[in-house]
Each structure stands twice: as C-alpha cells, then as structure tokens.
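Spelled out, the chains give:
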Amino acid sequence: MQDDAPKKPSRIQQRNRHLILDAALDVFSAHGYRGATLDQIAVAAGLSKPNILYYFSGKEDIHVTLLSQLMETWLDPLVELDATGDPMTELLDYVRRKLDMARDLPRESRLFAGEILQGAPRMHPHLVADLKPLFDEKCAVIQGWIDAGKLAQVDPRHLIFSIWSTTQHYADFDAQVQVLSDEDPIEGARRYLDMLFRRVLSV
C-alpha cells in the first residue's frame, strides 16, 4: 500500500527555505513589496532564481509566508495582556514588550508597516480573523479596568493605537532616530514612555 503522507522536508530544504525567507525579509523591509524582486532575493540568499522558484511560486508567495509567520509574533505581546493582573503593570509591560520588538525585530516591523501602508492587500484576512477579535477583547479588558476606577478615563482603542505608534516608530524610523539620539534610543524611550503612560493612565 502506497504511503500518501507528505514527506518531511530534508535538512537542506529546511535550510534553503530559511535562507530564502531571511533574505526576503531583508529585501522587503528595505524596498517594500513593489520595489523588491526575485533577483534581489536570490542574490541576498546566495541561491539561483530557479532555486527560489523551487520552494516558492513567486514573490507574492514569499511575502505572504513572511506575513503569516509574522502575525503570530506580532500578536504575542497583546495576547500576554492579563485581565487578572494589575492594570498599570500590565499596560506598562505591554509598552516594554513592544519596545523590545522594535529593538529586536526592526525588519519585521518595517515589513508589517509596508503592508499596511499599501492597504493590507495580502494581510487583510489576518487583520479581520486574528487581530480584530483580540483587539476587541483587550479593549474590553482595559474598559473594565477603567469602569472599576483603576485607570483614568481614556479610549482603550486610541490608547492601544498610541502605544503602537510610540513604540514601532523606533523600528520604522530607525535611521532618523539614530541621527537624532544622543543615547541608546530604546533605553531613552523606555524611561520616557513609562513616565508618559503612567501620567496618562493614573487616576
């Protein structure tokens, strides 16, 4: 009887897929989807263009794969916001986690930003199916803290938007931030944003 189970990728195949995706992350984050080419990805990966097309059907397939992998990572800090924890601690920890991502995953941040700036043509289903329910759930948690008198009267949605904008800025505009900073920008941001959001959220 023939075994129809899919074969596990070999070590070389796994390595090559990783090389391609890592190279593509560099190319897409630097040039955007429209400016990136398979030739650029092939050069960055150290593989031939036909070799790239052995693993992926084209540029869009690579881009969608990267975005799909990124989505889970991108949602993790929000997932960790704990309704049973101390509200101020939970929100300030969320700010710190987002700053850590700006420091550690700048290419991923720019990939995500580029997709959103284009109108999210490839990520829109993930935004609807994955981000929206989680976002609504955490907004309800924050509203519950506000209603209980544990936080100042703020709009939970705009609070989260402001956390995103003040943390992801350090990845998406890194070239500008580096020129204008006299110290490690992430450490400076950590102190400043802690003070900022404490003042915004304190009752």
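Rules used throughout
- Residues numbered from 1 in each chain as written.
- Predicted model: local features only at pLDDT ≥ 70, side-chain atom pairs only at ≥ 80, totals over all residues.
- Heavy atoms only, no water.
- Helix = DSSP H or I, 4+ residues; strand = E, 2+ residues; numbered from the N terminus.
- Contact = heavy atoms within 4.5 Å.
- Areas by Shrake-Rupley, 256 points an atom, 1.4 Å probe, with all protein chains shown as cover.
- Axes fitted to C-alpha atoms, helices over the stretch in contact; angles between N-to-C directions.
- Parallel < 35°, antiparallel > 145°, perpendicular 65-115°, else oblique.
- Left-handed = near helix turned anticlockwise from the far one by under 90°.
- Nonpolar A, V, L, I, M, F, W, Y, C, P; charged D, E, K, R; others polar.
- Expected span 1.5 Å × (residues − 1).
- Buried < 20%, exposed > 50% of the residue type's maximum accessible area, 1.4 Å probe, protein only.
- Polar contact = N/O pair within 3.5 Å; in protein donor to acceptor, adjacent residues only side chain to side chain.
- Salt bridge = Lys/Arg side-chain N within 4 Å of Asp/Glu carboxyl O.
- Core = buried A, V, L, I, M, F, W, Y, C linked by side-chain atoms within 4.5 Å.
- Lys, Arg positive; Asp, Glu negative; His and termini not counted.
- 1 Å grid on protein atoms, 1.4 Å probe; cavity = no way out; pocket = protein on both sides within 12 Å on 5 of 7 lines; lining within 4 Å.
- Points joined across faces, edges and corners; volume = space filled by probe spheres on them.

Chemist: So, the overall build of the chain: which residues are in play, and what are the values?
Modeler: A tally of regular secondary structure across the chain gives ten helices and zero strands. If you list the helices and strands of the chain from N to C, you get α-α-α-α-α-α-α-α-α-α. Seen through its principal axes, the chain has C-alpha atoms that stretch 65 × 55 × 30 Å. The contacts of the chain with a sequence gap of at least 6 include a subset with a gap of at least 24, amounting to 69%. For the chain, the computed accessible surface area is about 11,500 Å², with 54% contributed by carbon and sulfur atoms.

Chemist: Help me get a handle on the packing of helix H1 (residues 11-35) against helix H6 (residues 106-117), residues and values and all.
Modeler: Two numbers describe how H1 lies on H6: the axes approach to 8 Å, and their chain directions differ by 55°. As the angle between them shows, H1 and H6 are arranged oblique. In this structure, the crossing between H1 and H6 has a hand that is left-handed. Contacts from Asp22, Leu25, Asp26, Phe28 and Ser29 in H1 reach Arg107, Glu108, Arg110 and Leu111 in H6. When grouped by side-chain class, the residues that make up the contact of H1 with H6 number three nonpolar, one polar and five charged.

Chemist: Lay out helix H10 (residues 185-201) with the relevant residues and their values.
Modeler: When the terminal C-alpha atoms of H10 are compared, their 23 Å separation across 17 residues agrees well with the 24 Å that a helix rising 1.5 Å per residue should span. Among the residues making up H10, those that are buried are Pro185, Ile186, Gly188, Ala189, Arg190, Leu193, Asp194, Phe197 and Leu201. Contacts from the buried residues of H10 go to helix H5 (87-104), helix H8 (156-172) and helix H9 (174-180). The backbone nitrogen of Ile186 has a side-chain oxygen 3.1 Å away, supplied by the residue at the start of H10, namely Asp184.

Chemist: Kindly report on the environment of Ser162, identifying the contributing residues and their values.
Modeler: Tracing the backbone shows Ser162 in helix H8. We classify Ser162 as partly exposed; its relative accessible area is 23%. Along the chain, Ser162 and Phe197 lie 35 residues apart, while their C-alpha atoms are 9.7 Å from each other. A polar contact is formed between the side chain of Ser162 and the backbone oxygen of Leu159, at a distance of 2.6 Å.

Chemist: Residues and numbers for the pattern of salt bridges, please.
Modeler: What the rule picks out here adds up to 16 salt bridges. Measuring nitrogen to oxygen at the nearest pair gives 3.2 Å for the salt bridge that ties Arg190 to Asp100. Placement of Arg190 in helix H10 and of Asp100 in helix H5 is noted, with a sequence separation of 90 residues between them. A residue is classified by how much of its surface remains accessible, and Asp100, at 24% relative accessible area, is partly exposed. Three or more residues are tied together by salt bridges with common partners; here these are Asp100, Arg103, Asp104, Glu187 and Arg190.

Chemist: Lay out the nonpolar core with the relevant residues and their values.
Modeler: Counting 59 residues, the largest nonpolar core has Phe28, Ile52, Ile62 and Ile142 as its most contacted members. Contacts of Phe28, omitting those with residues within four sequence positions, involve Tyr33, Ala36, Ile41, Lys59, Ile62, His63, Leu66 and Leu111.

Chemist: Before we move on, can you summarise the side chain of Glu108 with the specific residues and values?
Modeler: Tracing the backbone shows Glu108 in helix H6. Salt bridges are absent for the buried Glu108, whose nearest opposite-charge side chain, Arg107, sits at 4.4 Å. Once you skip the residues sitting within four places of it in the chain, Glu108 turns out to touch Leu25, Leu70 and Trp74.

Chemist: Which residues make up the layout of surface pockets, and what values go with them?
Modeler: Estimates place the volume of the largest pocket at around 340 Å³. Considering the residues around the largest pocket, the lining is formed by 17 residues, among which Phe112, Leu127, Leu131, Phe161 and Trp164 are closest to the centre. Elements with a contribution of two residues or more to the lining of the largest pocket: helix H4 (59-79), H5, H6, helix H7 (124-147) and H8. Here the residues of the lining of the largest pocket are counted per class, giving 14 nonpolar, one polar and two charged. In this model, the second largest pocket occupies a volume close to 220 Å³. What lines the second largest pocket is simply His18, Leu21, Asp22, Leu25, Leu66, Gln69, Leu70, Thr73, Leu105 and Glu108. Mapped by element, the contributors of at least two residues to the lining of the second largest pocket are H1 and H4. Of the residues contributing to the lining of the second largest pocket, the split by class is five nonpolar, three polar and two charged.

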